[in-house]
Amino acid sequence: MTAVQSTRAFVRLLLFPLVGAALMQPVSAGAAESIVTTLPSLASIAREIGGDRIEVIALCRGYEDPHYIQPKPSYAKSLRKAVLLVYGGLELEVGWLPPLLETARNPKIAPGAPGLLEASTAVQRVLEIPSGELSRAQGDIHPFGNPHFMLDPHNALAVTDLIAQRLGELDPAGREAYLDGAASYRQRLEAKIAECEARAEPLRGKSIVAYHKQWEYLADWLGVDVVGYIEAKPGIPPAPRHVASIIELIRGHHVEIVVAATFMDTAAAEKVAQSGGARLVVLPAEVGGIEGTDNYIDFLDAVVRRLVGQ
Amino acid sequence: MSGSRAPWRSTWLIAVGLIALPAARVEAQSGSTATGTSNKLNPAISLNSLFSARKSDAASDEDGFRAQEFEMGLVSIVDAHFRASANIAFAPSAGGAEAEVGLEEGYVTVLGLPTGLGLKAGRFFLPVGRHNQLHTHQFPFIDAPRAVAATLGGESAGDVGLLASYLPDLPWYLDLQAYVTDAAAEAFDSASRRVAAGGRLVSLFDLGETATFEAGGSFLRGPGVAAGDATFLGADLRLKWRDTRKTHGHAVTWVSEFLLAQSDQPDVSGAYSTLLFRVGRQWWTGVEYSWNSLIPETGRARSKEHEARVQLAWVPSEFSALRGEFGWTDPLGGPRELSATLQLNFTIGAHPAHQY
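These numbers come from a predicted model, not from an experiment.

Asker: Is there a simple way to explain the overall build of chain B in this structure?
Answerer: Scanning chain B for helices and strands turns up two helices and 16 strands. Among the 356 residues that make up chain B, the fraction classed as buried is 35%. For chain B, contacts bridging at least 24 residues in sequence account for 52% of all contacts bridging at least 6.

Asker: Whenever I open this one, the overall build of chain A confuses me. Can you help?
Answerer: Along chain A, the regular secondary structure elements total ten helices and eight strands. Taking all 310 residues of chain A together, 45% fall into the buried category. A separation of at least 24 residues holds for 61% of the contacts in chain A among residues at least 6 apart in sequence.

Asker: Would you mind going over helix α2 (residues 40-50) of chain A with me for this structure?
Answerer: One full turn of an α-helix is made of 3.6 residues, so residues set three or four places apart face in the same direction. Residue and element names in this part refer to chain A. Here α2 lies mainly inside the structure; eleven of its eleven residues are buried. On its buried face, α2 is in contact with β1 (33-37), β2 (54-58), β3 (84-87), α5 (153-170), α6 (175-199) and α10 (296-308). One or two residues past the end of α2 sits Gly51, with phi positive at roughly 55°.

Asker: Would you explain the interface of chain B and chain A in this entry?
Answerer: In many reports, interface size means the accessible area that the parts give up when they come together. Taken together, the contacts link 45 residues of chain B with 43 residues of chain A. If you list the elements that add at least two residues to the side of chain B that touches chain A, you get β5 (117-125), β7 (173-181), β8 (196-207), β9 (211-223) and β10 (229-242) of chain B. In terms of residue count, the dominant contributor to the side of chain B that touches chain A is β8 of chain B (five residues).

Asker: So what exactly am I meant to see when it comes to unusual backbone geometry here?
Answerer: With glycine set apart, most residues show a phi of negative sign, and most peptide bonds adopt trans. Although it is not a glycine, Glu128 of chain A adopts a positive phi angle of roughly 60°. Here Glu128 of chain A lies in the loop between β4 (116-118) and α5. Accessibility expressed as a C-beta count within 10 Å gives 16 for Glu128 of chain A, which makes it partly exposed. Not every positive phi belongs to a glycine, and Ala183 of chain B is a case in point at roughly 55°. With respect to the helices and strands, the residue Ala183 of chain B is situated in the loop between β7 and β8. A tally of 25 C-beta atoms within 10 Å means that Ala183 of chain B is categorised as buried.

Asker: How do you make sense of the sheet that holds β2 of chain A when you look at a structure like this?
Answerer: Two strands in a sheet stick together by hydrogen bonds in their backbones, pointing the same way (parallel) or opposite ways (antiparallel). Residue and element names in this part refer to chain A. Spatial strand order, β2-β1-β3-β4: four strands in an open sheet with parallel pairing. Taken across any chain shown, the strands that pair with only one partner, and hence form the sheet edges, are β2 and β4. Pairs of neighbouring strands in the sheet enclose a mean axial angle of 20°, with direction left out of account. When β1 meets β2, the two strands line up parallel, connected through five bridges. Bridged to Val36 within β2 is Ile57.

Asker: Whenever I open this one, the packing of α2 of chain A against α5 of chain A confuses me. Can you help?
Answerer: Relative placement of two packed helices is described by the angle separating their axes and the distance separating the axes. All names here are of chain A. Between α2 and α5, whose axes approach to 10 Å, the crossing angle comes to 55°. As judged from the angle between their axes, α2 and α5 are oblique. For the pair α2 and α5, the crossing hand works out as right-handed. Contacts between α2 and α5 involve Ser41, Leu42, Ile45, Ala46, Ile49 and Gly50 from the former and Ala156, Val159, Thr160, Ile163, Ala164 and Leu167 from the latter. A per-class count over the contact of α2 with α5 returns nine nonpolar, three polar and no charged.

Asker: What am I meant to see in the environment of Val304 of chain A here?
Answerer: All names here are of chain A. The residue Val304 is located in helix α10 in this model. Residues Val304 and Arg188, spaced 116 residues apart in sequence, show a C-alpha to C-alpha distance of 17 Å. Other than its neighbours up to four places away in sequence, Val304 contacts Cys196, Arg199 and Ala200.

Asker: Would you take a moment to explain the nonpolar core for this structure?
Answerer: Within the largest apolar cluster, 94 residues are counted, with the highest numbers of intra-cluster contacts made by Ala46 and Leu79 of chain A. For this core, the element with the most residues is α10 of chain A, which contributes seven residues. Of the domains in this structure, domain 1 (33-196) and domain 2 (201-308) of chain A are the two that each give at least three residues to this core. Once residues within four sequence positions are removed from consideration, Ala46 of chain A is found in contact with Ile35, Thr37, Ile54, Val56, Val86 and Ile163 of chain A. In this structure, Ala149, Tyr179, Phe219 and Leu233 of chain B belong to the second largest nonpolar core, which totals 32 residues.

Asker: Can you walk me through the domain arrangement of chain A in this structure?
Answerer: Residues and elements named next belong to chain A. When cut into domains, chain A gives domain 1 (33-196) and domain 2 (201-308). Relative placement of domain 1 and domain 2: their C-alpha centres are 24 Å apart. At the junction of the two partners, domain 1 supplies 30 residues and domain 2 supplies 26 residues. Those elements giving two or more residues to the side of domain 1 that touches domain 2 turn out to be α2, α5 and α6. Residues that form the side of domain 1 that touches domain 2 fall into these classes: 13 nonpolar, nine polar and eight charged.

Cut-offs used in this document
- Residues numbered from 1 in each chain as written.
- Chains lettered and ligands numbered in written order.
- Predicted model: local features only at pLDDT ≥ 70, side-chain atom pairs only at ≥ 80, totals over all residues.
- Helix = DSSP H or I, 4+ residues; strand = E, 2+ residues; numbered from the N terminus.
- Buried ≥ 20, exposed ≤ 12 C-beta atoms within 10 Å, placed from the backbone.
- Contact = placed C-beta atoms within 7 Å.
- Pairing = 2+ DSSP bridges.
- Axes fitted to C-alpha atoms, helices over the stretch in contact; angles between N-to-C directions.
- Parallel < 35°, antiparallel > 145°, perpendicular 65-115°, else oblique.
- Left-handed = near helix turned anticlockwise from the far one by under 90°.
- Nonpolar A, V, L, I, M, F, W, Y, C, P; charged D, E, K, R; others polar.
- Core = buried A, V, L, I, M, F, W, Y, C linked by C-beta atoms within 7 Å.
- Domains from an automatic or database assignment.

And the structure:
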């Protein structure tokens, strides 16, 4: 095949998908605006606020570790259509969101555009903002603070207001509907918070051990004390000596509960819990992490029920 | 086809020195209005380093300890209209303190274009095939497959130009790219006043939530070194699977690529296939086979080269990796070679984006 023949063959090859693309451009439904969130909990809240006015997609599944999402180009396809992208922030998605945003080529959610919303800006009290010397010798640290703030439902209330406000700015015709949706949702969430707090009252003041440093907001909300971590440093597999010291700590502090997310090494956590005489509680870290947690309120309910052993 | 780097050397050394030294001195004064030395809007900076040790049964020049490359990456939003990215590579000479410095990539992308459209201007890796778009520290194996080296050059080939891309709104992911460059890459006649032009299309399909299949086609044409044009064609396939229910669950990546270089000389073609498998939280293993033709010279009985490699990698974090490789090479014009290579790869500074 000569160079000219190769060129013609390639041009034909290129034209085929181009023509296909032109023919298959979907007809706009003209109704619901497309909203994308990184976390399923943010998507759940957005759905409650927007109702039928919006279509919401979460990039991360509830059973996935949100730190280590693979930036699949197909996610860029969803981002391309979005009028609003809501992300957690505090560098939770730093490893995978930037290349997706670049691939999406959507000016509505580009840096600086009103369609790009960082949920953590609603959080009044970010926990564990590091002070003093900071280095990656400390493991997978978050220089701007702990990003798992959605595990405290009071933060979810603040995020609800933030999303409703931004939706109203982007879609003024629906502003009242969004504010009504947010108010109604707040009411239901506040009721669930009160119910969960009453249910978790027996846990108040108790010590727990966690596999990974991600339950601080939950512990802070329920008045539980996280006294140790199976991982000596976040994201680094524990050495046997550290595991032995954690087992001793569980016994010494009479720790009753060891907590691990579904996507962590739950087999290792089970061994630690058994050796120390504690109960392993595998928790969903996000909405959809286990069955029956398809929305934020059900997720909150499941987390607290599992913690108290119901 | 690797671009020439020597002309950049002194200029970049001076530039980097001028930038780095004052920044270090005024760190404690950041935010000062009076001095104008705030560093709050500095680019995200990272430095990747590659060190290796190699031993072969053929007493190759490449044997021994080697500081392969240091690559500095800078990324920032320029203003409301542009985003900028630069990758400056320092390749130390064997055993010496001097380093060849080159701008691997340095470009701006335009913000705020109509949805789906992208525009990139500056120096960028030519999107010919898949492997040519990777920086050295992103290579799946320590060095590029011989198939890529024979057709496009051992290091990823870049050129200065303009690249337009489009992501249509379709049920599947389809990315279209078209570009023109100044044809200054090694494979082209840089004295020619003509430009080189090329295109690439990539389709990706989700196979459930855990797997994707991707197919790409590439084309590049420009003024040849001898008479006539030089044309490069590429076709690549990739299949990825990952256990998404665990933080560092098992994962498999299979990549195969075919490349063809045509000019007034006989065609040069090559293909490789790579299989990578994450066997544990911090452990990866992989195998690769590469085949390529070379322009036969008078008296040679054959015109094919073959290469096979196996790899075991320890990846303790996103910022470091230790890789060990055994390689078998059947080169043209030389004896068959067995080699063992160990490479340390680490990054400091800004968090690197996850590759897909």
